[in-house]
Amino acid sequence: TAIASLALGRCVYPSAAVDRALAMSLLGACSLMLGRPRQTISQLSWAVIVMMLLHPRLAHSYGFALSCAAVLGIALWSGPTTKMLHAMLPAPIAKALAVTISAQLLTLPIQLLIDPKLPLLSVPANLLVTPVVSAATVCGLLSLALAWCAPQLSYHLAWLASCGTSLMEDCATWIGNSPYAMLPWVQGWV
(Lines give C-alpha, C1' and ligand atoms only; values in the text may rest on other atoms or scores of the structure.)
Protein backbone atom coordinates (compact mmCIF):
# COMPACT_ATOMS: atom_id res chain seq x y z
CA THR A 1 0.00 0.00 0.00
CA ALA A 2 2.81 2.41 0.87
CA ILE A 3 4.68 1.68 -2.37
CA ALA A 4 1.52 2.12 -4.45
CA SER A 5 0.76 5.40 -2.63
CA LEU A 6 4.28 6.71 -3.26
CA ALA A 7 4.08 5.71 -6.93
CA LEU A 8 0.71 7.42 -7.35
CA GLY A 9 2.00 10.51 -5.53
CA ARG A 10 4.83 10.76 -8.07
CA CYS A 11 2.43 10.43 -11.02
CA VAL A 12 -0.01 13.21 -10.16
CA TYR A 13 0.52 16.97 -10.25
CA PRO A 14 2.35 18.06 -7.09
CA SER A 15 0.29 20.14 -4.68
CA ALA A 16 -0.33 20.56 -0.97
CA ALA A 17 -3.55 18.52 -1.29
CA VAL A 18 -1.68 15.64 -2.95
CA ASP A 19 1.00 15.75 -0.25
CA ARG A 20 -1.71 15.65 2.44
CA ALA A 21 -3.38 12.66 0.77
CA LEU A 22 -0.01 10.90 0.43
CA ALA A 23 0.82 11.52 4.09
CA MET A 24 -2.56 10.15 5.17
CA SER A 25 -2.15 7.13 2.92
CA LEU A 26 1.30 6.37 4.33
CA LEU A 27 -0.04 6.72 7.87
CA GLY A 28 -2.86 4.35 6.92
CA ALA A 29 -0.34 1.85 5.56
CA CYS A 30 1.63 2.06 8.82
CA SER A 31 -1.58 1.49 10.80
CA LEU A 32 -2.38 -1.52 8.64
CA MET A 33 1.13 -2.92 9.14
CA LEU A 34 0.88 -2.47 12.92
CA GLY A 35 -2.56 -4.10 12.99
CA ARG A 36 -4.31 -0.93 14.11
CA PRO A 37 -7.63 0.17 12.62
CA ARG A 38 -7.62 3.01 10.12
CA GLN A 39 -8.99 6.17 11.67
CA THR A 40 -9.48 8.97 9.17
CA ILE A 41 -9.64 11.87 11.63
CA SER A 42 -6.59 10.63 13.53
CA GLN A 43 -4.66 10.13 10.28
CA LEU A 44 -5.67 13.60 9.10
CA SER A 45 -4.59 15.15 12.40
CA TRP A 46 -1.20 13.45 12.36
CA ALA A 47 -0.68 14.27 8.69
CA VAL A 48 -1.41 17.95 9.36
CA ILE A 49 0.90 18.04 12.39
CA VAL A 50 3.80 16.38 10.56
CA MET A 51 3.34 18.43 7.38
CA MET A 52 3.10 21.72 9.29
CA LEU A 53 6.26 20.89 11.23
CA LEU A 54 8.14 20.00 8.03
CA HIS A 55 6.65 22.80 5.89
CA PRO A 56 5.32 25.70 7.99
CA ARG A 57 4.48 27.60 4.77
CA LEU A 58 1.46 25.30 4.42
CA ALA A 59 -0.23 27.46 7.06
CA HIS A 60 -0.76 29.98 4.24
CA SER A 61 -1.90 27.48 1.61
CA TYR A 62 -5.57 27.64 0.65
CA GLY A 63 -5.23 24.32 -1.21
CA PHE A 64 -3.94 22.60 1.91
CA ALA A 65 -6.67 24.14 4.07
CA LEU A 66 -9.41 23.20 1.57
CA SER A 67 -8.09 19.65 1.31
CA CYS A 68 -7.96 19.17 5.09
CA ALA A 69 -11.38 20.74 5.62
CA ALA A 70 -12.97 18.59 2.90
CA VAL A 71 -11.55 15.37 4.35
CA LEU A 72 -12.63 16.34 7.86
CA GLY A 73 -16.15 17.20 6.67
CA ILE A 74 -16.47 13.91 4.81
CA ALA A 75 -15.13 11.93 7.78
CA LEU A 76 -17.47 13.61 10.24
CA TRP A 77 -20.71 13.95 8.32
CA SER A 78 -20.90 11.79 5.19
CA GLY A 79 -22.21 8.75 7.12
CA PRO A 80 -25.04 10.54 8.95
CA THR A 81 -25.86 12.63 5.88
CA THR A 82 -26.04 9.51 3.70
CA LYS A 83 -28.48 7.89 6.14
CA MET A 84 -30.64 11.00 6.20
CA LEU A 85 -30.68 11.35 2.39
CA HIS A 86 -31.21 7.60 1.84
CA ALA A 87 -34.70 8.01 3.29
CA MET A 88 -35.56 10.20 0.28
CA LEU A 89 -33.18 9.11 -2.50
CA PRO A 90 -31.67 5.94 -3.98
CA ALA A 91 -28.47 4.84 -2.22
CA PRO A 92 -25.90 5.83 -4.94
CA ILE A 93 -27.37 9.33 -5.28
CA ALA A 94 -27.69 9.72 -1.50
CA LYS A 95 -24.04 8.75 -1.00
CA ALA A 96 -22.74 11.03 -3.78
CA LEU A 97 -24.75 13.97 -2.45
CA ALA A 98 -23.70 13.26 1.14
CA VAL A 99 -20.00 13.31 0.28
CA THR A 100 -20.34 16.59 -1.62
CA ILE A 101 -22.47 18.27 1.04
CA SER A 102 -20.21 17.05 3.87
CA ALA A 103 -17.08 18.37 2.16
CA GLN A 104 -18.76 21.70 1.47
CA LEU A 105 -19.84 22.17 5.08
CA LEU A 106 -16.27 22.80 6.17
CA THR A 107 -14.77 24.18 2.96
CA LEU A 108 -17.37 26.93 2.50
CA PRO A 109 -15.84 29.31 5.07
CA ILE A 110 -12.44 28.96 3.36
CA GLN A 111 -14.02 29.45 -0.07
CA LEU A 112 -15.60 32.66 1.20
CA LEU A 113 -12.15 33.93 2.21
CA ILE A 114 -10.90 33.29 -1.33
CA ASP A 115 -13.93 34.68 -3.16
CA PRO A 116 -16.84 36.17 -1.19
CA LYS A 117 -19.58 34.34 -3.10
CA LEU A 118 -21.74 31.37 -2.16
CA PRO A 119 -21.52 28.56 -4.75
CA LEU A 120 -25.21 27.71 -5.17
CA LEU A 121 -24.87 25.10 -7.91
CA SER A 122 -21.73 23.25 -6.79
CA VAL A 123 -23.65 20.34 -5.23
CA PRO A 124 -25.68 19.61 -8.41
CA ALA A 125 -22.52 20.05 -10.49
CA ASN A 126 -20.67 17.47 -8.39
CA LEU A 127 -23.62 15.11 -8.60
CA LEU A 128 -23.60 15.38 -12.40
CA VAL A 129 -19.88 14.54 -12.76
CA THR A 130 -19.61 11.91 -10.01
CA PRO A 131 -20.34 8.95 -12.32
CA VAL A 132 -17.37 9.73 -14.60
CA VAL A 133 -14.71 10.92 -12.13
CA SER A 134 -13.55 7.45 -11.05
CA ALA A 135 -13.59 6.02 -14.59
CA ALA A 136 -11.67 9.00 -15.99
CA THR A 137 -9.09 8.76 -13.19
CA VAL A 138 -8.55 5.03 -13.61
CA CYS A 139 -8.30 5.30 -17.42
CA GLY A 140 -5.80 8.16 -17.11
CA LEU A 141 -3.61 6.28 -14.64
CA LEU A 142 -3.75 3.08 -16.71
CA SER A 143 -2.81 5.10 -19.78
CA LEU A 144 0.20 6.50 -17.96
CA ALA A 145 1.25 3.08 -16.66
CA LEU A 146 0.96 1.40 -20.09
CA ALA A 147 2.42 4.18 -22.24
CA TRP A 148 5.91 2.66 -22.28
CA CYS A 149 4.90 -0.88 -23.24
CA ALA A 150 1.55 -0.56 -25.05
CA PRO A 151 1.37 2.91 -26.64
CA GLN A 152 -1.70 2.09 -28.74
CA LEU A 153 -3.69 0.85 -25.74
CA SER A 154 -2.39 3.80 -23.73
CA TYR A 155 -3.69 6.19 -26.38
CA HIS A 156 -7.19 4.66 -26.25
CA LEU A 157 -7.23 4.79 -22.45
CA ALA A 158 -6.11 8.44 -22.53
CA TRP A 159 -8.86 9.17 -25.04
CA LEU A 160 -11.45 7.55 -22.72
CA ALA A 161 -10.10 9.58 -19.80
CA SER A 162 -10.33 12.76 -21.86
CA CYS A 163 -13.97 11.98 -22.68
CA GLY A 164 -14.68 11.97 -18.94
CA THR A 165 -12.68 15.11 -18.25
CA SER A 166 -14.33 16.84 -21.21
CA LEU A 167 -17.73 16.07 -19.69
CA MET A 168 -16.54 17.50 -16.37
CA GLU A 169 -15.25 20.64 -18.08
CA ASP A 170 -18.50 21.09 -20.02
CA CYS A 171 -20.52 20.71 -16.82
CA ALA A 172 -18.32 23.21 -14.97
CA THR A 173 -18.55 25.71 -17.85
CA TRP A 174 -22.31 25.29 -18.26
CA ILE A 175 -23.07 25.59 -14.56
CA GLY A 176 -20.38 28.21 -13.93
CA ASN A 177 -21.82 30.49 -16.62
CA SER A 178 -25.28 30.35 -15.10
CA PRO A 179 -26.39 33.65 -13.57
CA TYR A 180 -27.56 31.60 -10.56
CA ALA A 181 -24.24 29.82 -9.96
CA MET A 182 -22.98 32.27 -7.33
CA LEU A 183 -24.63 34.45 -4.74
CA PRO A 184 -22.46 37.40 -3.62
CA TRP A 185 -21.66 37.40 0.09
CA VAL A 186 -22.78 40.55 1.89
CA GLN A 187 -19.83 42.87 2.58
CA GLY A 188 -19.11 44.62 5.85
CA TRP A 189 -19.02 43.59 9.48
CA VAL A 190 -22.78 42.97 9.76
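Scroll up to find the structure.
So, here's what we can say about the structure.

Calculation criteria
Residue numbers here run from 1 along each chain, matching the order of that chain's written sequence. Where local features are concerned, this predicted model is filtered to residues with pLDDT of at least 70; where side-chain atom pairs are given and counted, the filter is 80 or more; whole-chain, interface and lining totals use all residues. Values reported for side chains reflect all heavy atoms of the structure, with hydrogen atoms and water molecules removed beforehand. As a rule, the C-alpha atoms of each element are fitted with a line to give its axis, helices using only the stretch in contact, and angles between N-to-C directions run from 0 to 180 degrees. Put simply, DSSP marks the helices as runs of H or I at least four residues long and the strands as runs of E at least two long, and each gets a number from the N terminus on. Oblique is the label for any angle not under 35 degrees, not over 145, and not in the 65 to 115 range, which are roughly parallel, roughly antiparallel and roughly perpendicular in turn. The hand of a helix crossing depends on one turn: near helix anticlockwise from the far one by less than a right angle means left-handed, and clockwise means right-handed. The contact criterion used throughout is that any non-hydrogen atoms of two residues lie within 4.5 Å. Residues are grouped as follows: Ala, Val, Leu, Ile, Met, Phe, Trp, Tyr, Cys and Pro are nonpolar; Asp, Glu, Lys and Arg are charged; every other residue, Gly included, is polar. Residues enter a nonpolar core if they are buried and are Ala, Val, Leu, Ile, Met, Phe, Trp, Tyr or Cys, with the set joined through side-chain atoms within 4.5 Å. Note on classification: 1.4 Å probe, protein chains only; a residue is buried when its accessible area is under 20% of the maximum for its type, exposed when over 50%, partly exposed between these limits.

Moving on to the packing of helix α5 (residues 91-114) against helix α6 (residues 122-146). Relative to each other, α5 and α6 sit at 135 degrees, their axes nearing to 10 Å. The orientation of α5 with respect to α6, classified from their angle, is oblique. For the pair α5 and α6, the sense of crossing is right-handed. Of the residues in α6, those touching α5 at Ile93, Ala96, Leu97, Thr100, Ile101 and Gln104 are Ser122, Val123, Asn126, Leu127 and Thr130. In the contact of α5 with α6, the residues fall into six nonpolar, five polar and no charged.

A word on the nonpolar core. The biggest cluster of nonpolar side chains holds ten residues, and these are Ala16, Ala23, Met24, Leu44, Ala47, Met51, Leu58, Phe64, Cys68 and Val71. Contributions of two or more residues to this core are made by α2 (16-34), α3 (40-54) and α4 (62-86). With sequence-adjacent residues up to four places away left out, Leu44 is seen in contact with Arg20, Met24, Cys68, Val71 and Leu72. Listed in part, the five residues of the second largest apolar core include Ala94, Leu97, Ala98 and Val123.

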